[in-house]
Amino acid sequence: MELLITYDVDTTTPQGRRRLRRVAKICEGYGIRVQKSVFEVVCSEADWLLLHHRLLDAIDSEHDSIRSYPLPRGTFSAAHHLGHSPSAGHDEPLIY
């Protein structure tokens, strides 16, 4: 499954800045950052459920927002890039 994950975390407090770092770290474990608060994720249904629960535990639902967009397989490889936007390389391992 391919997912686009976007988030907006309230960083007006030290706790919010910690939540932002936590959300980013969680997303980095599952996908590739393509913009500051946007990740492309290729995962199984089971991984998606785990990711979803980890993100839900990391945010303050009163102040933060995470959106996930399930996409048809092959969407990332068909994406068009404008400006400085290197290929995300979903076919390469996340850990080297």
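Just so we're clear, the structure is a prediction, and the values are computed from it rather than from any experiment. (Residues numbered from 1 in each chain as written. Predicted model: local features only at pLDDT ≥ 70, side-chain atom pairs only at ≥ 80, totals over all residues. Heavy atoms only, no water.)

**Some words on helix α2 (residues 45-58)**
So, step 1. Here α2 contains 14 residues, and its C-alpha end-to-end distance of 20 Å stays within 8% of the 20 Å for a straight helix at 1.5 Å per residue.
So, step 2. Along α2, the residues that are buried comprise W48, L51, L55 and A58. Projection of α2 onto a plane perpendicular to its axis shows the buried side chains occupying an angular sector of 90°, all on one side. Facing away from the buried side of α2 by over 90 degrees, the exposed positions are E45, A46 and D57.
So, step 3. Check the buried side of α2 and you find it contacts β1 (2-8), α1 (14-28), β3 (38-42) and β4 (65-71). (Helix = DSSP H or I, 4+ residues; strand = E, 2+ residues; numbered from the N terminus. Expected span 1.5 Å × (residues − 1). Buried < 20%, exposed > 50% of the residue type's maximum accessible area, 1.4 Å probe, protein only. Arc of directions from axis to C-beta. Contact = heavy atoms within 4.5 Å.)

**Comments concerning a positive patch on the surface**
So, step 1. A contiguous patch of positive charge, built from R17, R18, R21 and R22, is present on the exposed surface.
So, step 2. Mapped onto the secondary structure, R18 falls in helix α1. (Patch = residues over 30% accessible without salt bridge, like charges linked within 9 Å, V, L, I, M, F, W, Y side chains within 5 Å. Areas by Shrake-Rupley, 256 points an atom, 1.4 Å probe, with all protein chains shown as cover. Salt bridge = Lys/Arg side-chain N within 4 Å of Asp/Glu carboxyl O. Lys, Arg positive; Asp, Glu negative; His and termini not counted. Charge placed at Lys NZ, Arg CZ, Asp CG, Glu CD.)

**Some remarks on α1**
So, step 1. Given a rise of 1.5 Å per residue, 15 residues ought to cover 21 Å, and the 21 Å separating the end C-alpha atoms of α1 matches this to within 8%.
So, step 2. Listed in full, the buried residues belonging to α1 are G16, R19, V23, A24, I26 and C27. Here the buried residues of α1 occupy an arc of 160° about the axis, which is enough to place them on one side. Opposite the buried face of α1, by more than 90 degrees, sit the exposed residues R21 and K25.
So, step 3. Structurally, α1 contributes buried residues whose contacts are with β1, β2 (31-35), β3, α2 and β4.

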